[in-house]
Amino acid sequence: MLNIIAIFTGGGLGAVLRYLTGVFFLKQSHLNLPLATFWVNVTGCFLIGFLYVFFIDKQEINPALKYALTAGFCGGLTTFSTFSLELFEMIKNAHFLQAFLYIIISIIICLAAVITGAYIAKFCI
């Protein structure tokens, strides 16, 4: 139960930071690019990679803290960080074909899901 509370708390903080980053970039940037999304994705990927290596052999660190920072905070900040960590593990374990297929299938299916959702919403509203 403590792990769930930790993930919930970390996820909330990550989501709030993602929102505030969006507000900041909206005020500061005059480019027509999704810079806030790009920034949180890169930051989240860096952070989850750092934490993965930092926590790997640290049995003394409370698992709830590990979950709060990785699944919670990084997950709330961006799910792209988890996607990237999964790819990192596939590549590290020399599962190159699996990693390549995961990238291609994820992009195609997620884009198709967005298009399908938008299409269905158009007819429901």
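As a reminder, the structure under discussion sits directly above these lines.
Our subject in this report is the structure included herewith. Computed from a predicted model, the values in this text were never measured in an experiment.

About the criteria used
Residues numbered from 1 in each chain as written. Predicted model: local features only at pLDDT ≥ 70, side-chain atom pairs only at ≥ 80, totals over all residues. Heavy atoms only, no water. Axes fitted to C-alpha atoms, helices over the stretch in contact; angles between N-to-C directions. Helix = DSSP H or I, 4+ residues; strand = E, 2+ residues; numbered from the N terminus. Parallel < 35°, antiparallel > 145°, perpendicular 65-115°, else oblique. Left-handed = near helix turned anticlockwise from the far one by under 90°. Contact = heavy atoms within 4.5 Å. Nonpolar A, V, L, I, M, F, W, Y, C, P; charged D, E, K, R; others polar. Disulfide = S-S within 2.5 Å. Buried < 20%, exposed > 50% of the residue type's maximum accessible area, 1.4 Å probe, protein only. Patch = residues over 30% accessible without salt bridge, like charges linked within 9 Å, V, L, I, M, F, W, Y side chains within 5 Å. Areas by Shrake-Rupley, 256 points an atom, 1.4 Å probe, with all protein chains shown as cover. Salt bridge = Lys/Arg side-chain N within 4 Å of Asp/Glu carboxyl O. Expected span 1.5 Å × (residues − 1). Polar contact = N/O pair within 3.5 Å; in protein donor to acceptor, adjacent residues only side chain to side chain.

**Brief notes about the packing of helix H4 (residues 80–92) against helix H5 (residues 96–124)**
- Orientation of H4 relative to H5, taken along the N-to-C sense of each, is 155°, at an axis distance of 8 Å. With respect to each other, H4 and H5 are oriented roughly antiparallel. Considering how the two elements wind past one another, H4 and H5 form a crossing that is left-handed. Seen from H4, the contacting residues are Phe83, Glu86, Leu87, Met90 and Ile91; seen from H5, they are Phe96, Gln98, Ala99, Tyr102, Ile103 and Ser106.
- Of the residues contributing to the contact of H4 with H5, the split by class is 8 nonpolar, 2 polar and 1 charged.

**Here's the deal with the state of the cysteines**
- Applying the stated criterion across every chain, the model contains 0 disulfides.
- No disulfide involves cysteine 74; its sulfur sits 8.7 Å from the nearest other cysteine sulfur, which is in cysteine 45.
- Given the relative accessible area of 0%, cysteine 74 is considered buried.

**Focus on unusual backbone geometry**
- Positive phi, normally seen in glycine, also occurs at alanine 94, with a value near 60°.
- Mapping alanine 94 onto the fold places it in the loop between H4 and H5.
- Its relative accessible area of 48% is what places alanine 94 among the partly exposed residues.

**Side note on the environment of isoleucine 4**
- Topologically, isoleucine 4 is positioned in helix H1 (residues 2–28).
- The spatial distance from the C-alpha of isoleucine 4 to the C-alpha of serine 84 is 23 Å, given a sequence separation of 80 residues.

**Considerations on the side chain of threonine 70**
- Its location among the elements puts threonine 70 in helix H3 (residues 63–77).
- Residue classification places threonine 70 among the buried residues on the basis of a relative accessible area of 18%.

**Side note on a nonpolar patch on the surface**
- There is a patch of nonpolar side chains on the surface, built from Leu97, Phe100, Leu101, Ile103, Ile104, Ile105, Ile107, Ile108 and Ile109 and spanning about 840 Å² of accessible area.
- Position of isoleucine 109 relative to the elements: it lies in helix H5.

**Section: H3**
- Compared with the 21 Å implied by 1.5 Å per residue over 15 residues, the 20 Å span of H3 between its first and last C-alpha is a close match.
- Along H3, the residues classified as buried are Ala64, Lys66, Ala68, Thr70, Gly72, Phe73, Cys74, Gly75, Gly76 and Leu77.
- Next to the buried residues of H3 lie H1, helix H2 (35–55) and H4.
- Between the side-chain oxygen of the N-cap and the backbone nitrogen of alanine 64 there are 2.7 Å, and the N-cap of H3 in question is asparagine 62.

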